[in-house]
Amino acid sequence: MAVTIPFVRTFDFAYGRSDRASPLIRRVVARNPGPFTFTGTGTYIVGQGEVAVIDPGPDLPEHLDALMAAIAGERVRAILTTHTHIDHSPLARPLAERTGATVYGRAEPGQETGFEEANERGFRPDVQVLDGETIDGPGWTLQVLATPGHASNHICFALLEENALFSGDHVMGWSTTVVSPPDGDMTAYLQSLDVVAARNFDVIWPTHGPPVREVAPFLAAYRAHRLDRERQILEQLHAGRRRIGEMVPVMYAGVDPRLHPAAAHSVLAHLIRLVRIGAVETEGEPGLASEYRATA
Ligand SMILES: [Zn+2]
């Protein structure tokens with residue numbers, strides 16, 4: 001039985017416009033729509049007068065201008081990055097140069113990103129943040145949650161005053177998240193979903209698309225979907241399909257074949273986890289071309 005995730009995709013926005021999202025949150029969407037960014041990167045501005053900017057986005061002059069217009073007359077105290085993929089962090093440095101703000105986040109891991117998503121090479125924040133640390137300003141407190149999985153350096157930010165979470169790409173209302181080895185890690189990803197679920201947030205603000213407001217059922221379905229994929233993989237192994245290249249056309253029969261290479265990386269992410277927990281065996285390091293067997 002397939003799991004249905006209650007996706008939310010209705011999104012009222014216009015590129016470059018600053019929209020009020022909540023009492024403490026404004027959002028400006030960058031014009032970088034695509035298969036992994038939905039309508040583009042949503043940059044959040046937190047607070048009033050002295051603000052934080054979360055995920056400044058891709059290095060697009062038009063987006064920098066839109067952000068500068070949105071914060072005209074205000075002071076930017078902090079620029080926060082959830083991870084170093086090129087749709088999230090590259091505008092941090094230009095925005096810091098214009099505003100004098102401090103950039104917080106985690107350095108680029110210097111590791112292969114796997115499929116599709118590229119890192120901003122050499123990204124270094126001014127301040128490397130730790131799990132649980134807080135960054136605050138007048139009327140707002142942002143707490144760092146380490147959430148590796150989509151990227152090894154992925155973090156989320158909890159806005160304590162609104163019991164809200166800025167989830168970056170860890171949890172997205174419009175889509176599941178790409179978890180692609182080697183930098184993407186499914187074991188870490190599932191643990192990071194539990195970290196978020198345990199906090200009982202009232203609302204989740206992903207960097208792409210609309211907020212998730214039915215948080216608990218959404219996270220439960222989001223997690224169940226991953227475990228269902230693992231059940232399907234074990235089913236494929238029991239049916240004698242032992243290589244990823246044989247499993248993907250069956251498991252993703254309804255999906256555009258152009259997306260099958262991405263699907264193969266996702267299946268690999270699951271197989272690495274299944275090998276780690278002892279449910280599957282393979283010779284040597286699990287890879288795209290490896291042969292796998294179920295242990296039970
Ligand atoms: Zn992204």
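Residues numbered from 1 in each chain as written. Predicted model: local features only at pLDDT ≥ 70, side-chain atom pairs only at ≥ 80, totals over all residues. Heavy atoms only, no water.

Visitor: Could you give me a rundown of the coordination of the zinc ion, with the residues and numbers involved?
Guide: Coordination of the zinc ion by the protein comes from Asp-87 (OD), His-88 (NE2), Asp-169 (OD) and His-208 (NE2), over a distance range of 1.9 to 2.3 Å. Coordination at the zinc ion comes from four donor atoms whose angles at the metal span 85 to 151 degrees, giving a geometry best classed as irregular. Of note, the zinc ion draws all its donor residues from one chain, in the sequence arrangement D-H-x80-D-x38-H. A residue pair is termed long-range when its members are at least 10 positions apart, and His-88 in the loop between strand S5 (75-80) and helix H2 (92-99) and Asp-169 in the loop between strand S11 (164-168) and helix H3 (186-197) qualify at 81 residues. As far as the burial class goes, His-88 and Asp-169 line up, both buried. (Donors = N, O, S within 2.8 Å, 3.2 Å for Na, K, Ca; no water. Tetrahedral: all angles 85-135°; square planar, octahedral: opposite > 155°, others 65-115°. Helix = DSSP H or I, 4+ residues; strand = E, 2+ residues; numbered from the N terminus. Buried < 20%, exposed > 50% of the residue type's maximum accessible area, 1.4 Å probe, protein only.)

Visitor: Let's hear about the pattern of salt bridges: which residues, and what values?
Guide: Scanning all chains against the criterion turns up 17 salt bridges. The salt bridge partner of Arg-17 is Asp-19, with a shortest N-O separation of 2.8 Å. On the basis of relative accessible area, Arg-17 is assigned to the partly exposed category, the value being 34%. Using a relative accessible area of 16% as the deciding quantity, one classes Asp-19 as buried. Its salt-bridge partner being Arg-231, residue Glu-235 comes within 2.6 Å of it at the nearest N-O pair. (Salt bridge = Lys/Arg side-chain N within 4 Å of Asp/Glu carboxyl O.)

Visitor: Can you explain the packing of aromatic side chains? Please cite residues and give values.
Guide: Any aromatic ring pair is given by two values, namely how distant the centres are and how the planes are angled relative to each other. What the rule picks out here adds up to six aromatic pairs. Plain terms: the ring middles of Phe-218 and Tyr-222 are 4.9 Å apart, the flat faces sit at 35 degrees to each other, and that makes the pair tilted. Taken together, the residues span about one helical turn, with Phe-218 and Tyr-222 both in helix H4 (residues 215-238) at a distance of four residues. Taken individually, Phe-218 and Tyr-222 each receive the classification buried, so the pair is uniform in this respect. An aromatic cluster is present here, built from Phe-11, Phe-13 and Tyr-15 joined pairwise through their rings. (Phe/Tyr/Trp six-rings, centres within 6.5 Å; stacked < 30°, edge-to-face > 60°.)

Visitor: Outline the sheet that holds S5, listing residues and values.
Guide: Strand pairing in a sheet relies on backbone hydrogen bonds. The paired strands run either parallel or antiparallel. If you walk across this open sheet you meet the seven strands as S1-S2-S3-S4-S5-S6-S7, and the pairing is mixed. Two strands bound the open sheet, and with one partner strand each, they are strand S1 (18-20) and strand S7 (127-128). Inspection of the sheet shows strand S4 (residues 50-54) paired to S5 by five bridges, in the parallel sense. Along S5, the bridge assignment pairs Val-51 with Val-76. Contacts from helix H1 (residues 61-70) reach S1, strand S2 (25-29) and strand S3 (42-46) within the one sheet, and its direction differs from that of S2 by about 155 degrees. Docked against the sheet, H2 engages S4, S5 and strand S6 (102-105), running at close to 160 degrees with respect to S5. (Pairing = 2+ DSSP bridges. Contact = heavy atoms within 4.5 Å. Axes fitted to C-alpha atoms, helices over the stretch in contact; angles between N-to-C directions.)

Visitor: A description of the domain arrangement of the protein chain should follow, citing residues and the corresponding values.
Guide: Structurally, the protein chain comprises domain 1 (18-213) and domain 2 (225-294). The centre of domain 1, based on its C-alpha atoms, is set 30 Å off from the matching centre of domain 2. Tallying the contact residues gives twelve residues for domain 1 and 14 residues for domain 2. Buried area between domain 1 and domain 2, summed over both chains or domains, comes out near 1100 Å², and the portion from carbon and sulfur atoms is 67%. At the surface where domain 1 touches domain 2, the tally comes to one salt bridge. Notably, a salt bridge pairs Asp-185 with Arg-276, separated by 3.6 Å at the nearest N-O pair. Where domain 1 touches domain 2, the interface holds three residue pairs in polar contact (both at pLDDT 80 or more). Classifying every residue of the side of domain 1 that touches domain 2 gives six nonpolar, four polar and two charged. (Domains from an automatic or database assignment. Buried area = accessible area lost by both parts, 1.4 Å probe. Polar contact = N/O pair within 3.5 Å; in protein donor to acceptor, adjacent residues only side chain to side chain. Nonpolar A, V, L, I, M, F, W, Y, C, P; charged D, E, K, R; others polar.)

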